[in-house]
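Notes for the structure review
As a plain string of letters, each chain reads:
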Amino acid sequence: MHEKIISVALGKIPADIAIKNGNLVNVFTEEIYEADVAIFGNRIAAVGDVGHCIGDRTTIIDANGKYLVPGLIDGHVHMESSMIDPLNFAKALLSLGTTSIVTDLHEIGAVMGLSGIRKMLNICWETPLKFFFAVPSHVPFLKGLETTGGEIGGEEINEALKWKEAVGLSEVLVSPVISQNESLLRSIDRTIALGKTVEGHAA
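**Describing the nonpolar core**
- By size, the foremost hydrophobic cluster in this structure holds 29 residues, and its most contacted members are Met 79, Ile 101, Ile 117, Phe 133, Val 135 and Trp 163.
- Mapped onto this core, the elements with two or more residues apiece are α2 (86-94), α3 (106-124), β8 (130-136), α4 (154-161), β9 (166-173) and α6 (182-193).
- When residues in this core are grouped by element, the largest group, seven residues, is from α3.
- Leaving out residues up to four positions away in the same chain, Val 135 has contacts with Ile 157, Ala 160, Leu 161, Ala 166, Gly 168, Leu 169 and Ser 170.
- Within the second largest apolar cluster, ten residues are counted, among which are Ala 38, Ala 45, Ala 46 and Cys 53.

**Overview of the packing of aromatic side chains**
- If you walk through the whole model with that rule in mind, you get two aromatic pairs.
- Ring centres of Trp 125 and Phe 131 lie 6.1 Å apart, and the angle between their planes is 80°; on these two criteria the pair is classed as edge-to-face.
- Plain terms: the ring middles of Phe 133 and Trp 163 are 5.7 Å apart, the flat faces sit at 25° to each other, and that makes the pair stacked. Placement of Phe 133 in strand β8 and of Trp 163 in the loop between α4 and β9 is noted, with a sequence separation of 30 residues between them. Comparing Phe 133 with Trp 163, the two get one shared label, buried.
- Over the aromatic face of Trp 163 sits the side chain of Arg 118, whose NZ or CZ is 4.7 Å from the ring centroid.

**A few points about a nonpolar patch on the surface**
- Together, Ile 32, Tyr 67, Val 69 and Leu 72 make up an exposed nonpolar region whose accessible area comes to about 420 Å².
- Assignment of secondary structure puts Ile 32 in strand β2 (residues 31-40).

**A short note on the side chain of Glu 80**
- Relative to the helices and strands, Glu 80 is located in the loop between β6 (72-74) and α2.
- Despite being buried, Glu 80 has no salt bridge partner; Arg 118 is the closest side chain of opposite charge, sitting 14 Å away.
- Looking at Glu 80, its side chain comes within polar contact range of the main-chain nitrogen of His 106, at 3.2 Å.
- If sequence neighbours within four positions are ignored, Glu 80 has contacts with Thr 103, Leu 105, His 106, Glu 107 and Ile 108.

**Focus on α6**
- Taking 1.5 Å of rise per residue, twelve residues should cover 16 Å, and α6 covers 16 Å from first to last C-alpha, within 8% of that figure.
- Among the residues making up α6, those that are buried are Leu 184, Ser 187, Ile 188 and Thr 191. The buried residues of α6 occupy an angular sector of 100° when the element is viewed end-on, so they sit on one face. Exposed residues lying more than 90 degrees from the buried face of α6 are Glu 182, Arg 186, Asp 189 and Ala 193.
- Buried residues in α6 make contact with α4, β9, α5 (174-178) and β10 (197-201).
- At the N-terminal end of α6, a side-chain oxygen is found 3.2 Å from the backbone nitrogen of Ser 183, two or three residues along, and the residue is Asn 181.
- Note on α6: the residue one or two positions beyond its end, Gly 195, has a positive phi of about 75°.

**Brief notes about the sheet that holds β10**
- A sheet is described by the order of its strands in space; here five strands give the open sequence β6-β7-β8-β9-β10, paired in parallel fashion. Bordering the open sheet on either side are β6 and β10, each of which pairs with just one other strand. Taken over all neighbouring pairs, the strand axes of this sheet differ in orientation by 25° on average, direction set aside.
- Bridge count between β8 and β9: four bridges; the pairing is parallel.

**With respect to unusual backbone geometry**
- Residue Pro 140 is reached from Val 139 by a cis peptide bond, and omega for that bond is 5°.
- Within the secondary structure layout, Pro 140 lies in the loop between β8 and α4.
- Of note, the phi angle at Asn 21 is positive, near 60°, even though the residue is not glycine.
- The backbone of Met 83 shows a phi angle near 65°, a positive value even though the residue is not glycine.
- Locating Met 83 in the fold gives a position in the loop between β6 and α2.
- Residue Met 83 is classed as exposed on the basis of its relative accessible area, which comes to 72%.

What counts and how
Residues numbered from 1 in each chain as written. Predicted model: local features only at pLDDT ≥ 70, side-chain atom pairs only at ≥ 80, totals over all residues. Heavy atoms only, no water. Core = buried A, V, L, I, M, F, W, Y, C linked by side-chain atoms within 4.5 Å. Buried < 20%, exposed > 50% of the residue type's maximum accessible area, 1.4 Å probe, protein only. Helix = DSSP H or I, 4+ residues; strand = E, 2+ residues; numbered from the N terminus. Contact = heavy atoms within 4.5 Å. Phe/Tyr/Trp six-rings, centres within 6.5 Å; stacked < 30°, edge-to-face > 60°. Lys NZ or Arg CZ within 6 Å of the ring centre and 35° of its normal. Patch = residues over 30% accessible without salt bridge, like charges linked within 9 Å, V, L, I, M, F, W, Y side chains within 5 Å. Areas by Shrake-Rupley, 256 points an atom, 1.4 Å probe, with all protein chains shown as cover. Salt bridge = Lys/Arg side-chain N within 4 Å of Asp/Glu carboxyl O. Lys, Arg positive; Asp, Glu negative; His and termini not counted. Polar contact = N/O pair within 3.5 Å; in protein donor to acceptor, adjacent residues only side chain to side chain. Expected span 1.5 Å × (residues − 1). Arc of directions from axis to C-beta. Pairing = 2+ DSSP bridges. Axes fitted to C-alpha atoms, helices over the stretch in contact; angles between N-to-C directions.

Dropping the structure here:
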């Protein structure tokens, strides 16, 4: 695939799609300027003057001066709190330019534990929205003060951290860290050892 993308950028094979007459929002240089985009498969092959990437089979989209913006990422969202299913949630976000989310599915975990989270993630992969999963660091939120159908502790965290979609540990509360909760500290160490992120959660 990489060789073909390079070949498109060099004009040796045609792009699948060329977006012309757009205004590119460059989030690195903080500039907006006219630029075209050549796409091959699901990858951007070239940005700028892409005339050399266009062939007989290239679909040309006229942006007509509209802004070309990288997909937005929501770094922390509780999707299930929206009370809509993943497909409709994806439709709502994609229509507004959000293409990826980081979610811990904590509420599903409170109802069904890891098995419920696994089922929800499997549904999420059927949508075009990209899902990154942060493992809940605690379910229930306050043990002994709420009734839940599922629990997630150290053993479940270690299991879920091995999932390919797991990017880190979510909502690590300040109180159990300060009180040096051994199970949570072990989960933090395990997360770091796997090269994944630990998300703080404090006032």
